[in-house]
Amino acid sequence: MSMEELDRAQLLAAASKFPVPPGLKFSYGTAGYRSEASLLPSTVFRTGVLAALRSLCTQAATGVMVTASHNPIEDNGVKVVDPRGEMLVQDWEPLADALVNAQGSEMLLKVVEDIMEKKSANCKGFTSGKVLLAKDTRPSGESLLYIAKQLHWMVCAVNRGVAFGESEYLLQLSDGFRLLLELKPTQLNDCTSPTYYERLIVDGSHGVGASKLFQLQKSI
């Protein structure tokens, strides 16, 4: 995408709907951005812009995940998933902060143009990208994003050119779990409690992963 192909009016109009909360400055960390959920609409919007730019520059699908993982239910967060299903590369984190903290729509547009200028060699000749979206089950996610999928795995699968639906995700998990069960010792030492091997404890991030766990149980 070239500077001439950027729809400035559309970006300005969209950005004006999500003003940055006054007096706040966000910093991208290993978990992306996290805060009290009501403060995040502008951050989620601008992280989506970043993911689109990253998709253009890598010529591959990226992802936007809305989640605060283990944070309290009143919190939420957002992060970018890179093409291989990994965290956003570190040299893009300052670009993320510049986008998210830009004061006003005009300044946001300037930051977008600056990123496109810096990354022009990577983006040249590509006019569209692909961004996958996801959220967890906390209530505030409905107002920040409306689509839920197992995003890290999906982004990687899309870029590998393999099926990336939820059924394929659950199938891979269940197949992997069955392979692990085959490694279970057939005989246990006298000093070893059988319950250690027969009990599975799942970290569901304050319950946000519970619905998918129930789905997974059906295929195990």
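The model shown is predicted, which means the values in this text are computed figures rather than measured ones.

> Lay out the pattern of salt bridges in plain terms, naming residues and giving numbers.
Scanning the model with the defined rule gives four salt bridges in all. Among the ionic pairs, Asp-114 bridges to Lys-110, the shortest N-O distance being 3.1 Å. Residue Asp-114 and its partner Lys-110 are both found in helix H4 (residues 105-118); the two are separated by four residues, about one turn of the helix. For Asp-114, a relative accessible area of 33% puts it in the partly exposed group.

> Please give an account of helix H3 (residues 93-101) that cites residues and values.
Most of H3 sits out of view: seven of its nine residues are buried. Three or more residues of H3 are buried, namely Glu-93, Leu-95, Ala-96, Asp-97, Leu-99, Val-100 and Asn-101. Where H3 is buried, its residues touch strand S1 (33-36), helix H2 (41-58) and H4.

> Explain unusual backbone geometry residue by residue, including any values.
The phi torsion at Gln-59 lies on the positive side, around 55°, for a residue other than glycine. Within the secondary structure, Gln-59 sits in the loop between H2 and strand S2 (62-66). Since its relative accessible area comes to 47%, Gln-59 is described here as partly exposed.

> Can you lay out the environment of Gln-215 for me, pointing to particular residues and giving the numbers?
Along the chain, Gln-215 falls in helix H10 (residues 210-217). Residue Gln-215 is classed as partly exposed on the basis of its relative accessible area of 27%. Between the C-alpha atoms of Gln-215 and Ser-167, which are 48 residues apart in sequence, the distance is 9.6 Å. When sequence neighbours within four positions are dropped, the list of residues in contact with Gln-215 reads Glu-166 and Leu-170.

Thresholds applied
- Residues numbered from 1 in each chain as written.
- Predicted model: local features only at pLDDT ≥ 70, side-chain atom pairs only at ≥ 80, totals over all residues.
- Heavy atoms only, no water.
- Salt bridge = Lys/Arg side-chain N within 4 Å of Asp/Glu carboxyl O.
- Helix = DSSP H or I, 4+ residues; strand = E, 2+ residues; numbered from the N terminus.
- Buried < 20%, exposed > 50% of the residue type's maximum accessible area, 1.4 Å probe, protein only.
- Contact = heavy atoms within 4.5 Å.

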